[in-house]
Amino acid sequence: MSKLLVIGAGGVSSVAVHKMAQLIAAKTGPFSEIFLASRTLPKCEAIAESVKQRTGVAIETAQIDADDVPAMTALIEQVRPALVVNLALPYQDLPIMDACLATKTDYLDTANYEPRDEAKFEYKWQWDYHDRFKNAGIMALLGSGFDPGVTSIFTSWLKKHHFDRIDTLDILDCNGGDHGQHFATNFNPEINIREVTAPARHWQNGEWVETPALSHKQEFDFEAVGPKNMYLMYHEEIESLKTHIPEIKRIRFWMTFGDAYLTHLEVLQNVGMTRIDPVMYEGREIIPLQFLKAVLPEPASLGETTKGNTNIGVIATGEKDSVQKTLYVKNICSHEAAFEETGNQGVSYTTGVPAMIGSALMLSGQWSGDGVFNMEEFDPDPFMEMLNAHGLPWTLEELDGPLEF
Ligand code: NDP
């Protein structure tokens, strides 16, 4: 029995559930049934309806506040899934992990825990669960999205097949899509803005180097997109990759932003709309960033209008048989094709597909263990094969040398 309990009903969840249902319909994967629960029931019902129309697979739905550990525990006891797939927000990671511990159920997510009142992305909170998961005989797979997730797998696959030693790693995340809105984010606006406005950090010679947010810019010519400005940022896979592949001397993460996005963001920051501390408004406390989220377009609503491609990959430089080389592995994903297949834009697609693949590898037993794990701790080969088979094909090319900046 490989029943899935998926939590959250946003864009990422919608893609993951469509892809899981495709496997059930084709009778080719390890999944038997899907149960979808989130804070807003009509969003679950809308996904269930689309999945039924597109694949013929029926899924059950329920309302849940995943911050409420006893309620989450009761839901898991009622549904009895083989795996809980957390596609809600990073704030829900720990409560859902607590409910998994209470019910001895495996766990998967796509983003690391962060406390609501502090824009801090660190694995330490979830890594602290390792011994408890190990003693309970259950597994947690962290970060099974694109970045983290596929970028971690690209790196471990390069290390396994093409390098004796990796020296430098650059992760390049480009969204060349245009959604036609003045300002919108491609995944949850609150999480996205917290991430973009946090100081940049990269790993170099055994220590963190911190620089102000969005202060380092480089132009890069992305295939299927064209030249774009990309900015040095902190991203959580740097922390896990430097831990699990400690030989890498420098790990950097770059993300592209258009000038219009950055101008809007600067204004919103300047007027205080990105603050995450409470302010009094008409006699009650509100968090400005949460209020901003309420007036911005929902990422899940951008699918129909978004045109263009994403291009996300890793560039690694290192040695194989004493010869130095630089390799670039990447995926290009079309927003229009993602929408055609699942009714969602490419950023949700590039995250939801890897969540489905991680779930499939856990439930088929190809990836197993007791404790809390990151993606690069497992054999990358079956994951790389499934990316090609399930809508996120990748390419490998050799570059003349490392990035010159
Ligand atoms: P959305 O905001 O579109 O969806 C989040 C969903 O979680 C919503 O349905 C929301 O409910 C639900 N939710 C929020 N709080 C609770 C709660 N307390 N209990 C139950 N459900 C809750 O986000 P996305 O789909 O864009 O992103 C989902 C996750 O994927 C996020 O954690 C994001 O950080 C991560 N992500 C990871 C990426 C990667 O490459 N690794 C890339 C992009 C995203 P409601 O509808 O009521 O608000």
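The structure displayed is predicted, hence computed values, not measured ones.

**Brief notes about the nonpolar core**
Part 1 of the reasoning: Within the largest apolar cluster, 86 residues are counted, with the highest numbers of intra-cluster contacts made by Met-20, Phe-31, Ile-34, Phe-154, Trp-367, Phe-383 and Leu-387.
Part 2 of the reasoning: Here this core takes nine residues from helix H13 (residues 346-363), the largest share from any one element.
Part 3 of the reasoning: Shared between two domains, this core holds at least three residues of each, these being domain 1 (3-142) and domain 2 (150-342 + 391-399).
Part 4 of the reasoning: Counting residues in hydrophobic clusters, the runner-up holds 29 residues, among them Leu-5, Met-97, Ala-136 and Ile-138.

**Details of the sheet that holds strand E1 (residues 3-7)**
Part 1 of the reasoning: Taken together, seven strands build an open sheet; the order of strands is E3-E2-E1-E4-E5-E6-E17 and the sheet is parallel. Sheet topology places strand E3 (60-63) and strand E17 (371-374) at the edges, where each strand pairs with a single neighbour. Within the sheet, the average angular offset between the axes of one strand and its neighbour, ignoring direction, is 20°.
Part 2 of the reasoning: Alignment of E1 against strand E4 (residues 83-86), held across four bridges, turns out to be parallel.

**Observations concerning the domain arrangement of the protein chain**
Part 1 of the reasoning: The domain architecture assigned to the protein chain consists of domain 1 (3-142) and domain 2 (150-342 + 391-399).
Part 2 of the reasoning: Placing a centre on the C-alpha atoms of domain 1 and another on those of domain 2 gives a separation of 24 Å.
Part 3 of the reasoning: The interface is formed by 25 residues belonging to domain 1 together with 20 residues belonging to domain 2.
Part 4 of the reasoning: Between domain 1 and domain 2 lies a buried interface of about 1,800 Å² when both sides are counted; carbon and sulfur atoms form 50% of it.
Part 5 of the reasoning: Counting across the domain 1 and domain 2 interface gives three salt bridges.
Part 6 of the reasoning: With a shortest N-O distance of 3.2 Å, Glu-298 and Lys-43 are connected by a salt bridge.
Part 7 of the reasoning: Where domain 1 meets domain 2, there are 12 residue pairs in polar contact (both at pLDDT 80 or more).
Part 8 of the reasoning: The dominant element in the side of domain 1 that touches domain 2, judged by the number of residues it contributes, is helix H1 (residues 11-26), at six residues.
Part 9 of the reasoning: For the side of domain 1 that touches domain 2, a count of residues per class yields 10 nonpolar, six polar and nine charged.

**Looking at the environment of Asp-259**
Part 1 of the reasoning: The topology assignment puts Asp-259 in helix H10 (residues 259-270).
Part 2 of the reasoning: Expressed as a C-alpha distance, the spacing of Asp-259 and Asn-229, which sit 30 residues apart in the sequence, is 8.7 Å.
Part 3 of the reasoning: Not counting residues up to four positions away in its chain, the partners in contact with Asp-259 are Asn-229 and Tyr-231.

Criteria and cut-off values
- Along each chain, the written sequence defines residue order, and numbers are assigned to residues from 1.
- Since the coordinates come from a predicted model, pLDDT governs what is reported: local features require at least 70, and pairs of side-chain atoms require 80 or more to be given and counted, while whole-chain, interface and lining totals use all residues.
- Excluded from the side-chain calculation are hydrogens and water; included are all heavy atoms of the structure.
- By nonpolar core is meant a set of buried Ala, Val, Leu, Ile, Met, Phe, Trp, Tyr and Cys residues that side-chain atoms within 4.5 Å join together.
- For every residue, the accessible area (1.4 Å probe, protein chains only) is compared with the maximum for its type, and the residue is labelled buried under 20%, exposed over 50%, or partly exposed between those bounds.
- Secondary structure follows DSSP: runs of H or I at least 4 residues long count as helices, runs of E at least 2 residues long count as strands, and numbering of each begins at the N terminus.
- Domains are outlined according to an automatic or database domain assignment.
- Should DSSP find at least two bridges between two strands, the strands are taken to pair.
- Helix axes use the C-alpha atoms of the stretch in contact, all axes being lines fitted to C-alpha atoms, and the angles between their N-to-C directions lie in the range 0 to 180 degrees.
- Contacts: residue pairs with any heavy atoms within 4.5 Å of one another.
- Put simply, buried area is the surface a 1.4 Å probe can reach on two separate parts but cannot reach once they are joined, added for both.
- By definition, a salt bridge exists where a carboxyl oxygen of Asp or Glu is found within 4 Å of a side-chain nitrogen of Lys or Arg.
- Any N or O atom pair separated by 3.5 Å or less is treated as a polar contact, with the protein-specific requirement of one donor-capable and one acceptor-capable atom, and with residues adjacent in sequence counted only for side-chain atom pairs.
- Here the nonpolar group is Ala, Val, Leu, Ile, Met, Phe, Trp, Tyr, Cys and Pro; Asp, Glu, Lys and Arg are the charged ones; every other residue, Gly included, is treated as polar.

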